[in-house]
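Secondary and tertiary structure notes
Spelled out, the chains give:
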Amino acid sequence: MDSEKQISDYTPKPRVLGICGSPRKNGNSDILLDHVLKGTMEHGIATDKVALRNLQFKGCIGCECCRKDKICTGLPDDMSEVYPKIIESQGLVLVSPTHNYNITSWMKAFIDRLYCFYNFEDNRPRGWSSQIENQGRKAVLVAVCEQVDRHDMGFTLEAMRLPIEALGYEVIEELPVFGIFDKAKVKEQNDVLASAISHGVKLAKSFL
Ligand SMILES: Cc1cc2nc3c(=O)[nH]c(=O)nc-3n(C[C@H](O)[C@H](O)[C@H](O)COP(=O)(O)O)c2cc1C
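Everything in this summary refers to the structure shown in the same document. Once a new chain begins, its residue numbering starts again from 1 and follows that chain's sequence as written. Local features in this predicted model are restricted to residues whose pLDDT is 70 or higher, and side-chain atom pairs enter the listing and the counts only when it is 80 or higher, whereas totals over whole chains, interfaces and linings include all residues.

Side note on helix H5 (residues 156-167)
For H5, spanning twelve residues, the distance from its first C-alpha to its last is 18 Å, which sits close to the expected 16 Å at 1.5 Å a residue. Any residue pair is listed as a contact if its two C-beta atoms, each placed from the backbone, are within 7 Å. Comment: elements are numbered from the N terminus, with helices defined as DSSP H or I runs of at least four residues and strands as E runs of at least two. Contact partners of the buried residues in H5: strand S3 (89-97), strand S5 (128-130), strand S6 (138-144) and strand S7 (170-177). Immediately beyond the C-terminal end of H5, within one or two residues, lies Gly 168, with a positive phi of roughly 115°. In a helix, the anticipated span is given by 1.5 Å times the number of residues less one.

Remarks on helix H1 (residues 28-41)
Under the 1.5 Å per step criterion, the end-to-end length of H1 is 20 Å for 14 residues, consistent within 8% with the ideal 20 Å. Labels follow a simple rule on C-beta atoms placed from the backbone: if 20 or more others lie within 10 Å of a residue's own, it is buried; if 12 or fewer, it is exposed; otherwise it is partly exposed. Here H1 lies mainly inside the structure; eleven of its 14 residues are buried. Here the buried face of H1 lies against strand S1 (13-20), strand S2 (47-51), S3, S6, S7 and helix H6 (190-205).

Section: the nonpolar core
Counting 51 residues, the largest nonpolar core has Leu 32, Val 93, Leu 94, Val 142 and Val 177 as the members making the most contacts within it. Ranked by residue count, the leading element in this core is S6, at six residues. Sequence-distant contacts of Leu 32, that is, excluding residues within four places in its chain, are made with Val 95, Val 142, Val 144, Val 177, Val 186 and Ala 196. We define a nonpolar core as a collection of buried residues of the types Ala, Val, Leu, Ile, Met, Phe, Trp, Tyr and Cys that are connected via C-beta atoms lying within 7 Å of each other.

Remarks on the sheet that holds S6
The strand order S2-S1-S3-S6-S7 describes an open sheet built from five strands, whose pairing is parallel. Looking at which strands have only one partner, the edges of the open sheet turn out to be S2 and S7. Going from strand to strand, the sheet's axes swing by 15° on average, the running direction of each strand aside. Any two strands are treated as partners once DSSP identifies two or more bridges connecting them. Pairing analysis gives five bridges linking S1 to S2, with the strands arranged parallel. Bridging across to S2, Gly 18 finds its partner in Lys 49. The angle between two axes is taken between their N-to-C directions and runs from 0 to 180 degrees, where each axis is a line fitted to C-alpha atoms and a helix contributes only its stretch in contact. The strands touched by H1 are S1, S2, S3, S6 and S7; relative to S3, the strand with the most contacts, the crossing angle is about 155°.

Points about the site of the ligand
Near, for a residue, is defined by distance from a backbone-placed C-beta atom to a molecule or strand, with 6 Å as the limit that must not be exceeded. The environment of the ligand is formed by 19 residues, the closest being Ser 22, Gly 27, Ser 29, Pro 97 and Cys 145. Side-chain classes follow a simple rule in which Ala, Val, Leu, Ile, Met, Phe, Trp, Tyr, Cys and Pro form the nonpolar group, Asp, Glu, Lys and Arg form the charged group, and the remainder, Gly included, forms the polar group. Residues belonging to the shell around the ligand are distributed by class as follows: six nonpolar, nine polar and four charged.

Considerations on the pairing of S6
In terms of residue burial, S6 counts as a mostly covered element, since six of its seven residues are buried. Two strands pair when backbone bridges link them, and S3 and S6 are joined in this way by seven bridges, in the parallel orientation. By the bridge assignment, Leu 94 is partnered in S6 with Leu 141.

Here we look at unusual backbone geometry
Between Arg 124 and Pro 125 the backbone carries a cis peptide bond, its omega angle lying at -10°. On the secondary structure map, Pro 125 appears in the loop between strand S4 (118-120) and S5. One non-glycine residue, Lys 70, lies in positive phi territory at about 65°. Positionally, Lys 70 belongs in the loop between helix H2 (65-69) and helix H3 (79-88). By the C-beta count within 10 Å, which is 16 here, Lys 70 ends up partly exposed. Even without glycine at this site, Asn 134 takes up a positive phi of about 60°. With respect to the secondary-structure elements, Asn 134 resides in the loop between S5 and S6.

Looking at the environment of Gly 21
Its location among the elements puts Gly 21 in the loop between S1 and H1. By C-beta crowding, Gly 21 is classed as buried, having 28 other C-beta atoms within 10 Å. Sequence spacing of Gly 21 and Thr 11 is ten residues, and the spatial spacing of their C-alpha atoms is 27 Å. Once you skip the residues sitting within four places of it in the chain, Gly 21 turns out to touch Ser 29, Leu 52, Val 95, Ser 96, Ile 103, Thr 104, Trp 106, Met 107 and Phe 110.

In structure tokens:
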């Protein structure tokens with residue numbers, strides 16, 4: 001990335017960044033993310049994958065350093081490696097298991113750290129825009145939970161969709177996966193895996 005260039009002037013590349021919010025290595029979310037990215041790669045679009053559990057990072061502390069610096073400078077941690085990938089990638093795939101009707105704390109901390117991409121005005125409440133809006137960014141969201149009633153997935157998809165749309169992503173597909181508790185059990189659900197692949201294909205095709 002060209003460090004002299006403003007983020008808002010950047011044209012993202014047709015590549016896809018996948019973010020896994022599960023603490024469980026090789027669990028259902030990892031498998032689902034791998035299948036979405038498989039579909040994307042099959043159509044010649046490069047991908048990156050970040051498992052948040054492997055990063056040393058905190059949630060946003062509201063220091064507001066990003067108001068001046070336009071990127072997070074208040075918390076020098078592993079998110080510094082992820083920001084350039086977000087800026088460069090036109091596509092984003094977020095996958096989270098449901099933890100207590102919501103996204104995991106890893107995914108929440110990740111999304112809160114995207115606060116640095118906003119521009120705020122000085123009025124109260126502050127008017128705002130996003131540095132990464134109007135750049136043709138597209139996203140796919142996946143949630144997986146144990147129970148089979150939609151109610152028990154709670155806000156998991158909404159908790160990803162609202163902030164991602166506010167940042168300027170068009171959410172082109174969402175995949176809610178129900179009835180999966182045991183580690184890697186989703187491997188037995190061929191129809192679900194096929195849907196994950198097809199969402200990855202759709203994401204790739206939207207860039208071709
Ligand atoms: C702390 C915790 C909270 C959970 N809360 C819910 C819940 O609210 N609703 C639900 O249906 N499943 C819930 N689950 C089950 C997980 O969503 C389910 O096991 C999922 O398949 C885990 O995905 P993973 O293998 O990617 O971590 C919870 C699991 C944990 C560990």
